[in-house]
Amino acid sequence: MMDLSYILNHLGEERSQYFSAVAPPMIQSSNFCFSDLKALRLGLENEYQEAFYTRGVNPTVSILRKKIAALEGAQDCLVLASGAAAITASVMSLLKAGDHVLCVSHPYNWAKHLFRDYLPRFDISCSFVDGTQIENFKAALTPKTRLIYLESPNTMTFELQDLRAVVAFARQNGLKTICDNSYSSPLAQKPLEYGVDLVVHSVTKYLNGHSDTVSGAICGNHDLISAIFKSEYMTLGAISSPMEAWLILRGMRTLELRLQRSSESTEYLVEYLQSHPKVAKVYYPFSKTHPQYELAKQQMRCSGGLFSVEFKTSSLANMEAFCNALKLFLLACSWGGYESLCFPIASLYNNEQANTKTHLPWNFVRFYCGIEDVKVLKDDLDQAMSCL
Ligand SMILES: *Cc1c(COP(=O)(O)O)cnc(C)c1O
């Protein structure tokens, strides 16, 4: 019985092993000992399966691995120190010097840094491709291409990729695929179902959901995940501690409730903003005006809590006044927690001139809708928009 509530509330929790405690224990131990040499030898041989040393397997982290794997419909999952670590470890596991990558044009910023600035040092090149059209991947393919890196949708402007079409193209050409699924969480989209090879998450966002830890995950089949475990995971050592895993397990109990609330409130705010005279454009994948609305409905079960707005305003100073007037939408990056957030692109501008830090305009604001009362959130936007 692998329904969602079973996964979130019970899967992986072997309570008889820890005094029948309802909440799992935090096994805050670096090391595990063995009764005799034969057991120690076996422990060494099974470092991927059994608790031996916490940089490898830790029982508290293992409960979390089982749950995230089950949510994504994956054979296995690794939990890492951050979403960025999950991206880096999964990408490095599939590449060697001389290889070429196709990456969607506006991925998460540090993924872009990895492909554009870091991997070229190791003779790995990358082409950034507008992933909304499958033809663009085909046109950018080279004999050296090994990997397609996807993020559907991304978390600023919400471009999607047709996962089924990209996977078909990748398989025809012997390429592996990775998809950053943070926006949707496994509840709204399961890229492995479309044949994507590895899914990465910023667990910091919806999965943990309480803005109190940074963590990441990689999901895939046994072969790919055990290969990452035996190489990048153990070598980079970017693990999640038992304490972090314990907090995330607690946060995930309410994943379904939080996502549902955040998604419904977002829909309400988007509808309100779309007809507001101070709004030039709303970006939201489940809006009928989104160019890939049909694909979003096909590929995703519901939206997340992110949306972006281009405001009608004549000056950066007014934009600044709007941001400063918001009381409930906290000015911050990140998203996926209980609290609503506002990330204004104006923070990358000192004046109205275009600059090299961003391709987005200064009147563009990315919002995240948390789990507060949506009427109060709307009133907050309403009063702040009088500054524009
Ligand atoms: C935040 C984020 C990441 C990075 O995750 P960290 O946990 O902050 O390292 C990666 N991808 C997306 C889409 C994100 O929003």
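Up top is the structure these notes are about.
Residues numbered from 1 in each chain as written. Predicted model: local features only at pLDDT ≥ 70, side-chain atom pairs only at ≥ 80, totals over all residues. Heavy atoms only, no water.

With respect to the overall build of the chain
Part 1: From N to C terminus, the chain includes 14 helices and twelve strands.
Part 2: A compact globule built from 388 residues would reach a C-alpha radius of gyration of about 21 Å, and the chain, at 22 Å, matches this within 12%.
Part 3: Taking the principal axes of the C-alpha coordinates as reference, the chain spans close to 75 × 55 × 40 Å.
Part 4: When burial is assessed residue by residue, the chain has 54% of its 388 residues classed as buried.
Part 5: Expressed as a percentage of contacts within the chain between residues at least 6 apart in sequence, the contacts between residues at least 24 apart total 73%.
Part 6: Summed over all atoms, the accessible surface of the chain reaches about 17300 Å², with 53% contributed by carbon and sulfur.
Part 7: Of the charged side chains in the chain, 35 are positive and 38 negative; the average position of the first set lies 2 Å away from that of the second. (Helix = DSSP H or I, 4+ residues; strand = E, 2+ residues; numbered from the N terminus. Rg over C-alpha atoms; globule rule 2.2 N^0.38 Å. Buried < 20%, exposed > 50% of the residue type's maximum accessible area, 1.4 Å probe, protein only. Contact = heavy atoms within 4.5 Å. Areas by Shrake-Rupley, 256 points an atom, 1.4 Å probe, with all protein chains shown as cover. Lys, Arg positive; Asp, Glu negative; His and termini not counted. Charge placed at Lys NZ, Arg CZ, Asp CG, Glu CD.)

Brief notes about the sheet that holds strand β1 (residues 76-80)
The strands making up a sheet are joined through hydrogen bonds of the backbone, oriented either antiparallel or parallel.
Part 1: Pairing is mixed in the open sheet, where seven strands are placed in the order β1-β7-β6-β5-β4-β2-β3. Since the sheet does not close on itself, it has two edges, and those belong to β1 and β3 (125-129), each with one partner. Neighbouring strand axes in the sheet, compared pairwise and without regard to direction, differ in orientation by 20° on average.
Part 2: Two strands pair when backbone bridges link them, and strand β4 (residues 145-151) and strand β5 (residues 176-180) are joined in this way by five bridges, in the parallel orientation. Directly across from Y149, in β5, lies its bridge partner I178.
Part 3: Against the sheet, helix α3 (residues 59-72) engages β1, β6 (198-202) and β7 (216-220), with an angle of about 125° to β1.
Part 4: Docked against the sheet, helix α5 (residues 109-118) engages β2 (100-104), β3 and β4, running at close to 130° with respect to β3. (Pairing = 2+ DSSP bridges. Axes fitted to C-alpha atoms, helices over the stretch in contact; angles between N-to-C directions.)

A closer look at the environment of L192
Part 1: Structurally, the position occupied by L192 is in the loop between α8 (185-188) and β6.
Part 2: Accessibility expressed as a relative area gives 17% for L192, which makes it buried.
Part 3: Beyond its immediate chain neighbours, meaning those up to four positions away, L192 contacts E72, G73, A74, D197, L198, V199 and C219.

So, the site of the ligand
Part 1: Near the ligand lie 15 residues; those nearest to it are G83, A84, D180, T204 and K205.
Part 2: A distance of 2.9 Å separates an oxygen atom of the ligand from a polar backbone atom of G83.
Part 3: T204 is positioned such that a nitrogen or oxygen atom in its side chain is 2.6 Å from an oxygen atom of the ligand.
Part 4: A total of 380 Å² of accessible area belongs to the ligand in isolation, and the protein chains cover 91% of it.
Part 5: Considering every element that reaches the shell around the ligand, the biggest residue donor is helix α4 (residues 83-93), with three residues.
Part 6: For the shell around the ligand, a count of residues per class yields five nonpolar, seven polar and three charged. (Near = heavy atom within 4 Å. Polar contact = N/O pair within 3.5 Å; in protein donor to acceptor, adjacent residues only side chain to side chain. Nonpolar A, V, L, I, M, F, W, Y, C, P; charged D, E, K, R; others polar.)

A closer look at the packing of aromatic side chains
Part 1: Taken as a whole and assessed by the stated rule, the structure comprises 15 aromatic pairs.
Part 2: Ring centres 5.4 Å apart and planes at 25° place the aromatic pair F229 and Y233 in the stacked group. Here F229 and its partner Y233 are both found in helix α9 (residues 222-236), four residues apart, which amounts to about one turn of the helix. As far as the burial class goes, F229 and Y233 line up, both buried.
Part 3: Residue placement shows K112 over the ring face of F128; its charged tip is 5.1 Å from the ring centre.
Part 4: Positioned above the aromatic ring of Y272 is the side chain of K378, whose terminal nitrogen or guanidinium carbon lies 5.0 Å from the ring centre. (Phe/Tyr/Trp six-rings, centres within 6.5 Å; stacked < 30°, edge-to-face > 60°. Lys NZ or Arg CZ within 6 Å of the ring centre and 35° of its normal.)

Quick look at the side chain of T313
Part 1: Here T313 lies in the loop between β9 (306-311) and α13 (316-325).
Part 2: Overall, T313 belongs to the buried group, its relative accessible area being 18%.
Part 3: Each residue touching T313, except ones within four places of it in the same chain, is listed here: N318, M319, W362, N363 and L388.

Overview of the nonpolar core
Part 1: Ranked by size, the top nonpolar core spans 90 residues in total, and within it I68, F137, F311, F322 and F367 carry the most contacts.
Part 2: Not counting residues up to four positions away in its chain, the partners in contact with I68 are C77, V79, V203, L207, A217, C219 and M252.
Part 3: L114, C126, I178 and M234 belong to the second largest nonpolar core, which has 31 residues in total. (Core = buried A, V, L, I, M, F, W, Y, C linked by side-chain atoms within 4.5 Å.)

Points about the sheet that holds strand β8 (residues 279-283)
Part 1: On the basis of which strands lie adjacent, the open sheet formed by five strands has the order β8-β9-β12-β11-β10 and mixed pairing. Where the open sheet ends on each side, the last strands, each with one partner, are β8 and β10 (330-331).
Part 2: Across four bridges, the pairing between strand β11 (residues 341-344) and strand β12 (residues 364-368) is antiparallel. Along β12, the bridge assignment pairs L341 with Y368.

Some details on the environment of F364
Part 1: Tracing the backbone through its elements, the reader meets F364 in strand β12.
Part 2: For F364, a relative accessible area of 0% translates into the label buried.
Part 3: Between the alpha carbons of F364 and T313 there is a distance of 11 Å; along the sequence they are 51 residues apart.
Part 4: Once residues within four sequence positions are removed from consideration, F364 is found in contact with M156, T157, Y283, S308, V309, E310, P344, I345 and A346.

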